[in-house]
Amino acid sequence: MSLNIVGQARPNTLAFETSALVKATGFREYDARWWFGHPGSEKEPELNLMGAQALGMGLGTFIHRKALPPEIVTGHDFRSYSMGIKMALVSGLMAAGARVKDIGLALSPMAYFAQFALDAPSVAMVTASHNENGWTGVKMGTQRPLTFGPEEMTALKTLVLAGDFDLVGGGSYEFVPGFRDRYIEDLTAGKKIGRTLRVVAACGNGTAGAFTPEVLERIGCEVIPLDTELDHTFPRYNPNPEDMHMLHAIRQKVLETGADIGLGFDGDGDRCGVVDNEGNEIFADKIGVMLARDISALHPKSVFVADVKSTGLFMTDPVLMKNGAVTDYWKTGHSYIKRRVAELDAIAGFEKSGHFFFNAPIGRGYDDALITAIAICAMLDRSPKKTMADLYRDLPPTFGTPTMSPYCPDEEKYDVVDKVVGAFTKMKGDGIAFAGQPLADLVTVNGVRVTTPDGTWGLVRASSNKPEIVVVVESPVSPERRREVFEALDAVLRRNPEVGAYNQTF
């Protein structure tokens, strides 16, 4: 079978019904994201069902040419179009000889777990994660517990856009019934907290609502549900625990009910956000420091990985230093951190976006928001005389921003970031002051993280899965110093007219 692969085709036309629409920019650094559209949307789609079929043919061909076993897990998140996209993907996989094990409606970490439980090396999870209604995507991997990085994504992109498929046939399809229950049993087996915790479980009407309340109840929590009903229109806000709208809603519910903690889950259940009992919206990197303290007390000299968006406390916190913990800062992105955790045999990895990765004895190396939630509850259980707010106050104070993302086209965002890196490199080389101080350090492993002598730092990098730039600032000095560095950083970024408005500020 040959397909006509196109990068653009309008709905309700002959081309849209007879060609595989696959926009090249949908192949991102470590997963795939396209605008698929929904009834009433005016934006032109970037993928159609034939395009999803072509993606399956490409992924199946990739597996075949790597001489990997053909077994692959598939699943889909709760969106009106996700099952249709998955079945189109499955048809392409089968044409290329894959033996598909379909677990149905799923969280991404449920699909990762299925790779182990069903002995399938590969995975293709149809999800747009926390993206707005109308987006779709696929998280893929062929080496559990890892997902694709840039090298694999580039190879897959080349195969799909060229229509270079090995349609060897011999594929098969098996639906695996009851896998949700098997996943929940694995999560909760032997996990029971002795402390009574009242937990707001916020799911933004995304897929996690079908899983989270039951998991938390099984480990002994009293659950206060918030937006756990499945509704793919996301009527209140996107299920994104980095989004201040979601955090504010959790805060309101915690204060209204007197809960011990609020936990927020993203659209495919691999990220977790936290609000403490006093309504403080705690960014995930600070939660990572708390968990690192707890884990390194149980396992001295633990190795951790943190992304470059994360707080400097991983390096300077006196408790972590006392416990002999070592932290490696690495590229932002769930695929990068997951791979780095595996390379260093780290016990855990943390991302400011809310991805947490736990190796044995806590997890299997992949990101699962429900494992994170259980770890947080266990941490509180081991501190029976302290509230979540107490644990937060125990951290040295720093003043951070949310993750802020000004619009920038996919075709231009990497060039913009390269220019920003070049500007800061020249400033440091020339001894030019930044926000009133010299530039003490530049980390360019992923965009640029600039640090001044007082410990204040700012980051600029390209988003890996949306047409955006990512900006984060943190200061151990004061909120005023945080503002000063942000404005100086933004001034350098604004030299590039391609950069648009921020999605949120502080």
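Heads up: the structure comes first, above all this text.
Residues numbered from 1 in each chain as written. Predicted model: local features only at pLDDT ≥ 70, side-chain atom pairs only at ≥ 80, totals over all residues. Heavy atoms only, no water.

Looking only at helices and strands, one finds 16 helices and 22 strands in the protein chain. Against the globule reference of 23 Å for 506 residues, the protein chain gives a C-alpha radius of gyration of 22 Å, in line with a compact fold. Judged by the C-alpha coordinates and their principal axes, the protein chain covers about 60 × 60 × 45 Å. Expressed as a percentage of the 506 residues in the protein chain, the buried residues total 62%. Expressed as a percentage of contacts within the protein chain between residues at least 6 apart in sequence, the contacts between residues at least 24 apart total 69%. Of the roughly 18500 Å² of accessible surface on the protein chain, 53% is carried by carbon and sulfur atoms. Each charge sign in the protein chain was given a centre, from 52 positive and 63 negative side chains, and these centres are 3 Å apart. (Helix = DSSP H or I, 4+ residues; strand = E, 2+ residues; numbered from the N terminus. Rg over C-alpha atoms; globule rule 2.2 N^0.38 Å. Buried < 20%, exposed > 50% of the residue type's maximum accessible area, 1.4 Å probe, protein only. Contact = heavy atoms within 4.5 Å. Areas by Shrake-Rupley, 256 points an atom, 1.4 Å probe, with all protein chains shown as cover. Lys, Arg positive; Asp, Glu negative; His and termini not counted. Charge placed at Lys NZ, Arg CZ, Asp CG, Glu CD.)

A separate point is the side chain of Thr 372. You can see Thr 372 is positioned in helix α13 (residues 369–381). Filtering out sequence-adjacent residues up to four positions away, Thr 372 remains in contact with Cys 272, Phe 356 and Phe 358.

Okay, the layout of surface pockets next. Estimated volume of the largest pocket: approximately 540 Å³. If you trace the largest pocket, you find 31 residues lining it, with His 130, Asn 240, Glu 242, Lys 466 and Glu 468 closest to the centre. Residues that form the lining of the largest pocket fall into these classes: two nonpolar, 17 polar and 12 charged. Its volume calculated, the second largest pocket comes out at about 360 Å³. Residue lining of the second largest pocket: 18 residues in total, with Lys 191, Ile 374, Ala 375, Ala 378 and Arg 382 positioned closest to the centre. Among the secondary structure elements, those contributing two or more residues to the lining of the second largest pocket are α9 (284–298) and α13. Its residues assigned to classes, the lining of the second largest pocket shows 11 nonpolar, two polar and five charged. (1 Å grid on protein atoms, 1.4 Å probe; cavity = no way out; pocket = protein on both sides within 12 Å on 5 of 7 lines; lining within 4 Å. Points joined across faces, edges and corners; volume = space filled by probe spheres on them. Nonpolar A, V, L, I, M, F, W, Y, C, P; charged D, E, K, R; others polar.)

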